[in-house]
Structure formats: C-alpha cells, structure tokens
Amino acid sequence: MIALQKPTYYLWRTDYTSSEDFEADKEKYTKIGFRVVTFADGQPDKNIHNGIKALIRNHIKEINQ
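Only a predicted model underlies this, so the values are computations on that prediction, with no experimental measurement involved. (Residues numbered from 1 in each chain as written. Predicted model: local features only at pLDDT ≥ 70, side-chain atom pairs only at ≥ 80, totals over all residues. Heavy atoms only, no water.)

Turning our attention to the overall build of the chain. Across its full length, the chain carries 2 helices and 2 strands. Element order for the chain, N to C, with α for helix and β for strand: β-α-β-α. Buried positions account for 12% of the 65 residues belonging to the chain. At a minimum sequence separation of 6, the contacts of the chain that also span at least 24 residues come to 71%. Of the accessible surface of the chain, which amounts to about 5,600 Å², a share of 53% is contributed by carbon and sulfur atoms. (Helix = DSSP H or I, 4+ residues; strand = E, 2+ residues; numbered from the N terminus. Buried < 20%, exposed > 50% of the residue type's maximum accessible area, 1.4 Å probe, protein only. Contact = heavy atoms within 4.5 Å. Areas by Shrake-Rupley, 256 points an atom, 1.4 Å probe, with all protein chains shown as cover.)

Time to look at the packing of aromatic side chains. Two numbers describe a pair of aromatic rings. These are the distance of the centres and the angle of the planes. This structure, assessed with the given rule, holds 4 aromatic pairs. Between Tyr9 and Tyr29, the ring centres sit 3.8 Å apart and the planes meet at 15 degrees, which makes this aromatic pair stacked. Of this pair, Tyr9 sits in strand S1 (residues 8-12) while Tyr29 sits in helix H1 (residues 19-31), placing them 20 residues apart in sequence. Overall, Tyr29 belongs to the buried group, its relative accessible area being 15%. Measuring from ring centre to ring centre gives 5.6 Å for Tyr9 and Phe34, while their planes differ by 70 degrees; the resulting arrangement is edge-to-face. (Phe/Tyr/Trp six-rings, centres within 6.5 Å; stacked < 30°, edge-to-face > 60°.)

As enumerated under the stated definition, the model contains 2 salt bridges in all. Between Lys28 and Asp25 there is a salt bridge whose closest N-O contact spans 3.4 Å. You can see Lys28 and its partner Asp25 sitting in helix H1, 3 residues apart, about one turn around the helix. The exposure class assigned to Lys28 is partly exposed, which follows from its relative accessible area of 42%. A relative accessible area of 21% means that Asp25 is categorised as partly exposed. (Salt bridge = Lys/Arg side-chain N within 4 Å of Asp/Glu carboxyl O.)

To continue, consider the nonpolar core. Membership of the largest hydrophobic core is limited to 5 residues, which are Leu11, Tyr16, Phe22, Tyr29 and Val36. Excluding residues within four positions of it along the chain, Phe22 makes contact with Leu11, Arg13, Tyr16 and Thr38. (Core = buried A, V, L, I, M, F, W, Y, C linked by side-chain atoms within 4.5 Å.)

Have a look at this one:
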C-alpha cells in the first residue's frame, strides 16, 4: 500500500497587510492540495526549515528530561 501525503506550504502571517489577503492565499493553497502551516510571527527571511528542526529538537529534549 502506498500512502500519499499532502505537501506542506508555509505562510508567514506577517507577510500580509490584511487578514482577507492572508485567508485568500491560504484557501488558494488548500484548494490545490497543500496542507498549509502558518507562522504568526518571526523573521520570514530566515530559513524556515532550521526553525522547524530547532522546534523538534527542543520538544524531544523536553520530553526526555
């Protein structure tokens, strides 16, 4: 059995000037099959994957204590 997963698209909330623009983009990507992950704050010019890896490492560190 082959399990297909939806690709993930990351949106920075701070990139949008209005919530209407943000929701329109989010809906656009959802309709074409993406799982949309939204970051509410942070620095959009930073590599998002490094941030996700750090979040996972911190979580693992906390549950192993």
